Amino acid sequence: MPVREYLGLSRIYGPLVVVKGVEKVGYEELVEVVLRGEKRLGQVVFLEEDQAVIQVFEGTAGLTQADARVRFLGRPVEISLSQEVIGRVFDGLGRPIDQEGEVIEDVRRDVYGEAINPYTREYPRNFIQTGISAIDGMATLIRGQKLPIFSGAGLPHNRLVVQITRQAKIAGGEKFVVVFCGIGLKHDEAEFIQSSFEETGAMKNVVMVLNLADDPSVERITTPQVALTIAEYLAFDQDMHVLAILTDMTNYCETLREISNYRGEVPARKGYPGYMYSDLASIYERTGMIKGRKGSLTQIPVVTMPNDDITHPIPDLTGYITEGQIVLGRELHRQGIYPPISILPSLSRLMKDGIGEGFTRPDHPNLASQLFASYGQAQNVRSLASIIGEEELSEADRNYLDFARKFESQFINQDFSEERSMEETLNLGWAMLAQLPPSELNRVTREEINQFLQR
Amino acid sequence: MSKASIFWINGPVVKARGSRDFMMNEMVRVGNSRLIGEVVDLDQDTLTIQVYEGTRGLQTEELVEGTGRLLSAYLGPGLIGGVFDGIERPLDRLAQAYGDYVTRGVELFPLEEGRKWRVEVLKREGDSVSPGEVYARIQETSMIEHRLLVPPQVKGEVVEARPNGEYRVSDNILLIRNGEQEIPLRLYQEWPVRLPRPIKNRIPPSLPLITGQRVIDFFFPLAKGGAAAIPGGFGTGKTVTQHQLAKWSDADLIVYIGCGERGNEMTQVLEEFPQLVDPRTGKALMERTVLVANTSNMPVSAREASIYTGITIAEYFRDMGYHVALMADSTSRWAEALRELSGRMEEMPAEEGFPAYLTSRLSEFYERAGRAETLAGKEGSVTIIGAVSPPGGDFSEPVTQHTREFVRCFWALDRNLAYSRHYPSVNWLTSYSEFVEDLADWFENEVDTSWNQLRTEAMALLNEDDRLQQVIKLVGEDVLPDEQRLVVEVGRLLKTGFLQQNSFSLTDSFCSLQKQFQMIDLILYFYRRARELISLGMAISEIKRGAVYPKLLRMKEDIPAAQLEELGKLREEVEKFFDELAQRYGEGVRHAG
Ligand SMILES: Nc1ncnc2c1ncn2[C@@H]1O[C@H](COP(=O)(O)OP(=O)(O)O)[C@@H](O)[C@H]1O
Ligand SMILES: [Mg+2]
């Protein structure tokens, strides 16, 4: 498809421009908008007769109607890929921003990818160790799973994903890489993340795709897709186990809403477009494993819940697509517990098929279920205590309160630089159960108690 | 063929003009990549098309070409065990031919064309045939005999018939003459998916769809030919419940539609079902299952079509005289596809952006459920079980509300139950089944005459327990009088020992009606005996001493279906336990007196 060039814009509104008199333009085709030598990239989002509506990734500020030239490039948004992407930093359109020059190209890929045929998927069945007890023990991350972190403003989700990036590994020593994707990150956050990867040497196994808070917001539309195109390539062309971390998907959704509103579309809930579910699915469903291919693609998207509201459309639609969720709690955070993971609403749906005998340790499923049940019971006791007072509680109930305090301060709580092996996490779990009388432990077997419970 | 030129592109919706020869709902090929689409609006020489594949790269002035066919399903041998996308493309062969990602612009015939089937031909030259009649048979899988049906609009005299033998799907088996017309009958027929297949009569529901799930069969039963909804926020267990029903319900055939949901869940079915054995026939479950998979990342218009493709396949097997159960996970994603397409077509929205015709589409879909006398006078049924995914888990939203109007069974999943890992998280206070009365006779005749009475009794206890739980939250359990504490203890037995049912448990994933009945009977027996003693002044703590109470809690797991006599023994144990208490306690009374 030849490049076609037109002079002049007939309209500029928000991040969108309209060009008239065009011919043979492709839907979602990549375009360059050029003004006085300065190039901006954009994409066709609507075609009617001889008019094309284009969303300009770098924003429209400073564009003029008369002088801007629009060049239709005859191809979709693509990026160059090879193994060399590892250790590199890219912007939201996949251009290197680390002064190390262009990436030598092995293949070029359309950043939106194609849907994996459900028939060719392989069911995910093995775990990734994050070194964080609350996750490894209670909501284990499985290779090929999409497991979001539901957080809130001011909670330490970025610390947590940095820690996961540094510590995550898989048993057996196969090649493991993290694709870290920042969407609308603030400068200090990006600074903290990058320097902590460089200091610890983690960067050599990381690819970064960065869109900062003051980068053009429209670029956020391609940012996660660029990151996942890189991740897919490493996982399915290069046989690697890849963990993609996307922070923060809430910024992505805000941009989606903004563009939708400019286009005058009828919104569904809270102003977000009706297609947000499908749009998010086109990101989250890129995760998985494929029959006959060695690698895997796992995703941890971070979602900050506006107002801590889990029913807000962004976490809600995310939860409908992903395979469980890790929820951060403000209450735990206030008590100084890091990472403040709320155990009860957190769930890894794929955990049951990737832990226990042959994966982690045979006692893991029962242990996790017991810890969950006991901690759940402790929460009931807590709410009763808050009404009738702790003194009125029975002896048995007070045991539960002790258990919960220990569980939070020793099991959930761990240092930012502390990495626990799966073995350590599980043993620690048993040590917590030692707070409770054996008669209360009905989810674990007698044999397990004898083997693991030390008093 | 009719042609028109594209002048408008907005995602999956495309407009073209230049011809008045297109039919409404005609299948068309769109653009140079020959994407598959359907005409959804005709206005003078302008047509609106919903495209079933991604439109990236499509250009204005490319052409739309008619095919002369309505969007139809191909119905014939080879559907069972298969997995198809929303417009019935076979995903297994698509993968073999085009690789691991769904490729655009390819059309594959859904039924394997090269495969030969052993056909027994039931009609001879000179016979007359009428709509819906079986003219040939194929043993398609070890569980399903595929009955080839005379299509609904065809009748006449057989002028040519092939002998029994091996044939491909496109081979002609019979030639029918009706006046001037000669109609060949092959191993397959076509049916436009948006039209219900005709039946002779509806038959009122009176048979249960037995699911092996206690909360459903015992408390909120579904009739064969009925429609049920499973609404629930994310993670409450809609998909697991749908999978359970697909595995264990006593339908002859299952059509499972993964509509805008996860790819891995389809994979799970594909990996699990061939391994799982049907408890009634001992055959692999995949031998009675048809999968329609249009996952959330596949094109949204094909998601809209997937529901119709699925229900058409279900009706086709119903017409053979089978009881078919169809699961749609999730109908909300289908409704959202309608909304998205409607939005792109710039239609006027009604509630929350949904088009005004949402209600009529929902009702048309659920109306296709039913128990029927087929055109050929046999009995068959289509049962529909639709998952509903309300935004924020809020049941007041339009899809849940409108669905309620068209289903008679409502299994409300509850986020709090799911959070506390009470599965299935069917809330026993807000769920209902309007089939309870229709099915009352069946349960009394086939299981036990006291079935309905026990149901009422257990439900009353659960209601009372719920009321007491509100009190307990405020003051703790210890302060309640013993009669009430007994209700709470028995409530616990009912909730943990009976309602909770772990789908991943080998013993308890499926629970026979006999076992369900004996379990509930035993729990209520326990209650009556304990109540009697407590009214005489026995302390509540007595009932939890000894082995009986924990055994009742665990009987679902400890006693497999094959050893139901163990439940009889447990009952004797309970009797003995209370007899002893009564004796001891009776003496106590005498002493005091
Ligand atoms: N009957 C059940 N037994 C055991 N676990 C269940 C059951 N129902 C649901 N679950 C648990 O809940 C999780 C979410 O269930 P799922 O059906 O996928 O939810 P939904 O489809 O409503 O989002 C499952 O991964 C499983 O861990
Ligand atoms: Mg689901």
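Chemist: If you had to explain the overall build of chain B to someone new, which residues and values would you point to?
Modeler: Within chain B one finds 16 helices and 26 strands. Projected onto the principal axes, the alpha-carbon positions of chain B cover approximately 100 × 55 × 40 Å. Here chain B, with 593 residues, has 61% of them falling under the buried criterion. Taking all contacts inside chain B whose residues are at least 6 apart in sequence as the whole, residues at least 24 apart take part in 70%. When the accessible area of chain B is evaluated, it comes to approximately 21,900 Å², of which 48% is carbon and sulfur surface.

Chemist: I'd like a rundown of the site of ligand 1, residues and numbers included.
Modeler: Around ligand 1, 15 residues are found, and the nearest of them are Arg349(A), Gly235(B), Thr239(B), Val240(B) and Ser503(B). The local environment of ligand 1 is shared, drawing residues from chains A and B. In this structure, Lys238(B) approaches ligand 1 through a side-chain N or O atom, which is 2.7 Å from an oxygen atom. Within the complex, the protein chains bury 92% of what would otherwise be the 560 Å² of accessible surface of ligand 1. Among the residues forming the shell around ligand 1, the class breakdown is 5 nonpolar, 8 polar and 2 charged. Of the domains in this structure, domain 3 (227–269 + 295–434) and domain 4 (451–584) of chain B are the two that each give at least three residues to the shell around ligand 1.

Chemist: Account for helix H4 (residues 263–272) of chain B, with residues named and values stated.
Modeler: Helical geometry: 3.6 residues make up each α-helical turn, so side chains three or four residues apart lie on a common side. H4(B) sits mainly inside the fold: 8 of its 10 residues count as buried. For H4(B), every residue scored as buried is listed here: Gly263(B), Asn264(B), Glu265(B), Met266(B), Thr267(B), Gln268(B), Val269(B) and Leu270(B). Against the buried residues of H4(B) lie strand E11 (121–122) of chain A together with strand E8 (83–84), helix H3 (238–248), strand E20 (253–259), strand E21 (289–294) and strand E22 (323–329) of chain B.

Chemist: Which residues make up the packing of helix H5 (residues 300–319) of chain B against helix H6 (residues 331–344) of chain B, and what values do they have?
Modeler: All names here are of chain B. Between H5 and H6, the least distance of the axes is 8 Å, while the angle of their chain directions is 130°. Relative to H6, the element H5 is oriented oblique. In this structure, the crossing between H5 and H6 has a hand that is left-handed. Taken together, the residues of H6 that come into contact with H5 (itself represented by Val-300, Ser-301, Arg-303, Glu-304, Ile-307 and Tyr-308) are Arg-333, Trp-334, Ala-337, Leu-338, Glu-340 and Leu-341.

Chemist: Requested: an account of the packing of aromatic side chains, with residues and values cited.
Modeler: Across all of its chains, the model carries 32 aromatic pairs over all chains by this definition. When the centroid spacing of 5.7 Å and the interplanar angle of 75° are considered together, the rings of Tyr320(A) and Phe234(B) count as edge-to-face. Placement of the pair is Tyr320(A) in helix H7 (residues 313–321) and Phe234(B) in the loop between strand E19 (227–231) and H3, with the two residues belonging to separate chains. Given the relative accessible area of 3%, Tyr320(A) is considered buried.

Chemist: With reference to specific residues and values, describe the sheet that holds strand E13 (residues 156–161) of chain B.
Modeler: Residue and element names in this part refer to chain B. Spatial ordering of the open sheet is given by E10-E13-E15-E16, a layout of 4 strands whose pairing is antiparallel. Among the strands making up the open sheet, the edge pair consists of strand E10 (128–129) and strand E16 (181–185). Judged from the 5 bridges that link them, strand E15 (residues 174–178) and E16 form a sheet pairing that is antiparallel. In the strand pairing of E16, Leu-175 is matched with Pro-184.

Chemist: Which residues make up the packing of helix H11 (residues 451–475) of chain B against helix H12 (residues 482–499) of chain B, and what are the values?
Modeler: Relative orientation and spacing of two packed helices are given, respectively, by the angle between their axes and the distance between those axes. Residue and element names in this part refer to chain B. Following both chains from N to C, one finds H11 and H12 inclined at 115°, their axes separated by 9 Å at the closest point. Handedness of the H11/H12 crossing: left-handed. Here Ala-458, Leu-461, Leu-462, Glu-464, Asp-465, Arg-467, Leu-468, Gln-469 and Ile-472 of H11 lie close against H12, whose contacting residues are Gln-484, Val-487, Val-488, Val-490, Gly-491, Leu-494, Lys-495 and Leu-499. Its residues assigned to classes, the contact of H11 with H12 shows 10 nonpolar, 3 polar and 4 charged.

Chemist: How would you summarise the interface of chain B and chain A if you had to cite specific residues and measurements?
Modeler: Counting residues at the interface gives 68 residues for chain B, matched by 68 residues for chain A. Between chain B and chain A, a total of about 5,700 Å² is buried, with carbon and sulfur atoms accounting for 52% of that surface. Area buried by chain B at its contact with chain A is led by Arg56(B), Tyr101(B) and Phe234(B), which between them contribute 15% of it. Counting every contact that joins chain B to chain A gives 5 salt bridges. For the salt bridge of Glu28(A) with Arg56(B), the shortest nitrogen-to-oxygen distance reads 2.8 Å.

Chemist: Got a sec to walk through the pairing of strand E9 (residues 116–121) of chain B? Specific residues and values, please.
Modeler: All names here are of chain B. Taking every second residue as pointing to the same face, the buried face of E9 carries Trp-117, Val-119 and Val-121, while none of Lys-116, Arg-118 and Glu-120 on the other face is buried. Pairing geometry for E9 and strand E14 (residues 165–168), over 4 bridges, is antiparallel. For Arg-118, the partnering residue across the bridge sits in E14 and is Glu-166. With 3 bridges connecting them, E9 and strand E11 (residues 134–139) associate as antiparallel partners. Note that in E11 the partner of Val-121 across the bridge is Ala-136.

Chemist: Summarise the domain arrangement of chain A; cite the residues concerned and give the values.
Modeler: Residues and elements named next belong to chain A. The domain architecture assigned to chain A consists of domain 1 (4–72), domain 2 (78–353) and domain 3 (364–454). For domain 1 and domain 2, the distance between their C-alpha centroids amounts to 30 Å. Counting residues at the interface gives 13 residues for domain 1, matched by 11 residues for domain 2. Taken together, both faces of the contact between domain 1 and domain 2 bury some 1,100 Å²; the carbon and sulfur share is 68%. When the buried surface of domain 1 facing domain 2 is broken down by residue, Pro-15, Phe-57 and Glu-58 rank first, second and third, together holding 45% of it. The tally of links from domain 1 across to domain 2 stands at 1 salt bridge. Across the pair Glu-58 and Arg-95 runs a salt bridge whose closest N-O atoms are separated by 3.2 Å. Counting every contact that joins domain 1 to domain 2 gives 4 residue pairs in polar contact (both at pLDDT 80 or more). Elements with a contribution of two residues or more to the side of domain 1 that touches domain 2: strand E5 (38–48) and strand E6 (51–56). A class-by-class count of the residues in the side of domain 1 that touches domain 2 yields 8 nonpolar, 4 polar and 1 charged.

Chemist: Quick rundown of the side chain of Asn452(B)? Include the residues and the values.
Modeler: Residue position: Asn452(B) is located in helix H11. Contact partners of Asn452(B), with chain neighbours within four places excluded, come to Ala440(B) and Glu444(B).

Chemist: Could you give me a rundown of the pairing of strand E8 (residues 78–81) of chain A, with the residues and numbers involved?
Modeler: Consecutive side chains of a regular strand alternate in pointing toward one face of the sheet and then the other. Residues and elements named next belong to chain A. Of the two faces of E8, the one holding Ile-79 and Leu-81 is buried and the one holding Glu-78 and Ser-80 is not buried anywhere. Sheet topology note: the E8/strand E10 (residues 107–110) ladder contains 4 bridges and is antiparallel. By the bridge assignment, Ser-80 is partnered in E10 with Arg-108.

Chemist: Describe the nonpolar core, naming the residues involved and giving the relevant values.
Modeler: The nonpolar side chains of a soluble globular protein tend to be buried, and buried together. Residue and element names in this part refer to chain B. One finds Phe-219, Ile-385, Trp-411, Phe-526, Leu-552, Met-555 and Phe-578 to be the most contacted residues of the largest nonpolar core, which totals 90 residues. In terms of residue count, the dominant contributor to this core is helix H13 (residues 513–535) (13 residues). Domain assignment of the residues forming this core places at least three in each of domain 3 (227–269 + 295–434) and domain 4 (451–584). Met-555 has contacts with Lys-515, Met-519, Leu-522, Ile-523, Leu-567 and Leu-570, leaving out every residue within four places of it along the chain. Formed by 79 residues, the second largest nonpolar core is a distinct cluster that contains Val-158, Leu-185, Ala-305 and Phe-395.

Chemist: I'd like a rundown of the pattern of salt bridges, residues and numbers included.
Modeler: Applying the stated rule across the entire model yields 81 salt bridges over all chains. A salt bridge links Arg108(A) to Glu78(A), with the shortest nitrogen-to-oxygen separation between them at 3.1 Å. Remark: Glu78(A) occurs in strand E8 and Arg108(A) occurs in strand E10; sequence separation between them is 30 residues. For Arg108(A), a relative accessible area of 36% puts it in the partly exposed group. Residue classification places Glu78(A) among the partly exposed positions, given a relative accessible area of 21%. For the salt bridge of Glu166(B) with Arg118(B), the shortest nitrogen-to-oxygen distance reads 3.4 Å. In this pair, Glu166(B) sits in strand E14 while Arg118(B) sits in strand E9, placing the two residues 48 residues apart along the sequence. Three or more residues joined by partner-sharing salt bridges are found here, namely Glu5(A), Glu32(A), Lys39(A), Arg69(A) and Arg71(A).

Quick notes on the rules
- Residues numbered from 1 in each chain as written.
- Chains lettered and ligands numbered in written order.
- Predicted model: local features only at pLDDT ≥ 70, side-chain atom pairs only at ≥ 80, totals over all residues.
- Heavy atoms only, no water.
- Helix = DSSP H or I, 4+ residues; strand = E, 2+ residues; numbered from the N terminus.
- Buried < 20%, exposed > 50% of the residue type's maximum accessible area, 1.4 Å probe, protein only.
- Contact = heavy atoms within 4.5 Å.
- Areas by Shrake-Rupley, 256 points an atom, 1.4 Å probe, with all protein chains shown as cover.
- Near = heavy atom within 4 Å.
- Polar contact = N/O pair within 3.5 Å; in protein donor to acceptor, adjacent residues only side chain to side chain.
- Nonpolar A, V, L, I, M, F, W, Y, C, P; charged D, E, K, R; others polar.
- Domains from an automatic or database assignment.
- Axes fitted to C-alpha atoms, helices over the stretch in contact; angles between N-to-C directions.
- Parallel < 35°, antiparallel > 145°, perpendicular 65-115°, else oblique.
- Left-handed = near helix turned anticlockwise from the far one by under 90°.
- Phe/Tyr/Trp six-rings, centres within 6.5 Å; stacked < 30°, edge-to-face > 60°.
- Pairing = 2+ DSSP bridges.
- Buried area = accessible area lost by both parts, 1.4 Å probe.
- Salt bridge = Lys/Arg side-chain N within 4 Å of Asp/Glu carboxyl O.
- Core = buried A, V, L, I, M, F, W, Y, C linked by side-chain atoms within 4.5 Å.

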